[in-house]
Amino acid sequence: MKKVAIIGVGNSKFGIRQDVNLAELTFESVKPAFEDAGVIGKDIDLLVLGSVGSGGWYEEMLPAVIAAEYCGLTGAGLLRCEAACASGSAAVFTAYSAIVSGNTDLALVIGLEKMREIDTSTTMELIGRAGYYLWEFHNFGMTFPAYYALYATSHMALYGTTEEDLARVAVKNHKYGAMNPLAQFQREITIDDVLSSPVVSWPLKLYDCSPITDGSSAIILASEEKVKELGIDTPIWISGIGSSSDTANLSKRLNYVGLRSSVIASQRAYKASGIEPGQVEVASVHDCFTIAEIMAYEDLGLCRKGDGAKLIQDGQTEIGGKIPINLDGGLKAKGHPIGATGVSMMYELTKQLREEVEKTRQAPLNNYIALAHNVGGTGHYCFVTVLRR
Ligand code: COA
């Protein structure tokens, strides 16, 4: 198998981006990624774009073709991947696989979503379909916050996790988001702010939810030969990717205190990269709702099942703790343009491993091992990626 490295990264400002159209938003991340790697569009063999939106959030049906034309890649191989909120990671996996197999030497991966062209209730309706529309949406009127609220109440009942514990995740992620110029929300919040914010689906309140976001992210992947040819001095290697899935219908899940696909995907990723969870020094995990981050701690093996709340109470997932998590603000504060998020995790962790982020939010590193955990739906898809410098 060929080795694959990330050699260039770029990320747009996340937020409400009515100042740009889809192509311009894409270029905002692709341009810095090109400059970072020292390549241009016509050097790229393959473009893989992760996005959910066409037919719903934005007007274009063929976003990969639009992106390729605008960024000077017409003629490259083109693909679009959909895996709900893990579409970005699915795109990374696809491009990685093309290089591992020897098919391609240089690939561009773009994550893209423009979600703010329609109103919140229409978005809620679209995301509410991220389950089994036939059974859940019609019969029970489920929305996406309601799906995760089921998990939150179950975790609270079984392990004693409290609304304050959930709020702690939001407070931590807003703290780091405040240090990240690319984040949608750059302000700190308190536990009281979270607890007194409007209830969306109990126990989840406004500040327990990730926002609805426009954004793009881009990374350039290269084979080892290409890394040498281009003289890249700090390649970040993809050391392993694990993926998994779960039932469409939530009533068929084993339990509601964790995501089975996260457990399996992480075990596969650890095996593929030959590491143990304890070796990870910085991570981006899928905190679409605060409960999702607590479950991720447990599902990824960073603590025992049921001890996730204790990890955040003890400050173990902040800088100075055992395993700093979501130092870019996470989905909660950086924002969650759903197709872009998985690629944006690679952007952030590449910058962390190169020690290029703002000093106040740089994780201390010894072995230079990072992990990205990206969930689609309520664990309907999951990708876990291990990166090493
Ligand atoms: N966290 C913190 N603040 C938020 C927020 C969030 N998630 N969402 C909105 N806000 C703030 C806005 O900045 C705005 O503040 P302002 O009045 O000071 O400008 C205010 O709350 C109202 O914003 P608005 O955009 O009108 O919010 P909304 O009521 O339309 O939507 C949610 C709020 C929580 C319903 C929406 O963000 C949501 O559905 N989030 C979940 C998205 C999701 O399911 N993604 C997929 C997960 S995998």
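Above this text sits the structure in question.
Quick look at the structure, then. In this text the structure is predicted, and so the values were computed from the model without any measurement.

Definitions and limits used
Residues numbered from 1 in each chain as written. Predicted model: local features only at pLDDT ≥ 70, side-chain atom pairs only at ≥ 80, totals over all residues. Heavy atoms only, no water. Axes fitted to C-alpha atoms, helices over the stretch in contact; angles between N-to-C directions. Helix = DSSP H or I, 4+ residues; strand = E, 2+ residues; numbered from the N terminus. Parallel < 35°, antiparallel > 145°, perpendicular 65-115°, else oblique. Contact = heavy atoms within 4.5 Å. Nonpolar A, V, L, I, M, F, W, Y, C, P; charged D, E, K, R; others polar. Near = heavy atom within 4 Å. Polar contact = N/O pair within 3.5 Å; in protein donor to acceptor, adjacent residues only side chain to side chain. Areas by Shrake-Rupley, 256 points an atom, 1.4 Å probe, with all protein chains shown as cover. Core = buried A, V, L, I, M, F, W, Y, C linked by side-chain atoms within 4.5 Å. Buried < 20%, exposed > 50% of the residue type's maximum accessible area, 1.4 Å probe, protein only.

### A closer look at the packing of helix α7 (residues 163-177) against helix α11 (residues 290-299)
- The N-to-C vectors of α7 and α11 enclose an angle of 95°; their axes lie 8 Å apart at closest approach. When the interaxial angle is binned, α7 and α11 end up roughly perpendicular. Contact residues: α7 offers Asp165, Leu166, Val169, Ala170, Lys172 and Asn173, while α11 offers Thr290, Ile291, Glu293, Ile294 and Tyr297.
- Per-class residue counts for the contact of α7 with α11 are six nonpolar, two polar and three charged.

### Thoughts on unusual backbone geometry
- Cis geometry marks the peptide bond from Trp202 to Pro203, where omega comes out at 5°.
- Summarising the element assignment, Pro203 is placed in the loop between β5 (199-201) and β6 (204-205).
- The phi angle at Asn326 is positive, at roughly 60°, despite the residue not being glycine.
- Inspection of the secondary structure assignment puts Asn326 in the loop between α12 (308-313) and α13 (330-334).

### Quick word on the site of the ligand
- Not every one of the 18 residues close to the ligand is listed here, only the nearest: Cys85, Thr120, Cys209, Ser210 and Lys332.
- In the environment of the ligand, an oxygen atom lies 3.3 Å from a nitrogen or oxygen atom belonging to the side chain of Arg116.
- Here the ligand has 920 Å² of accessible area as a free molecule, and 68% of this is covered by the chains.
- A breakdown of the residues in the shell around the ligand according to their chemical character gives twelve nonpolar, four polar and two charged.

### Observations concerning the nonpolar core
- With 118 residues, the main nonpolar core has Leu108, Tyr148, Ile220 and Leu221 as its most contacted residues.
- For this core, the element with the most residues is helix α3 (residues 87-100), which contributes eight residues.
- If you look at the next biggest cluster of nonpolar residues, it comprises five residues, including Ala167, Ala170, Ile189 and Tyr207.

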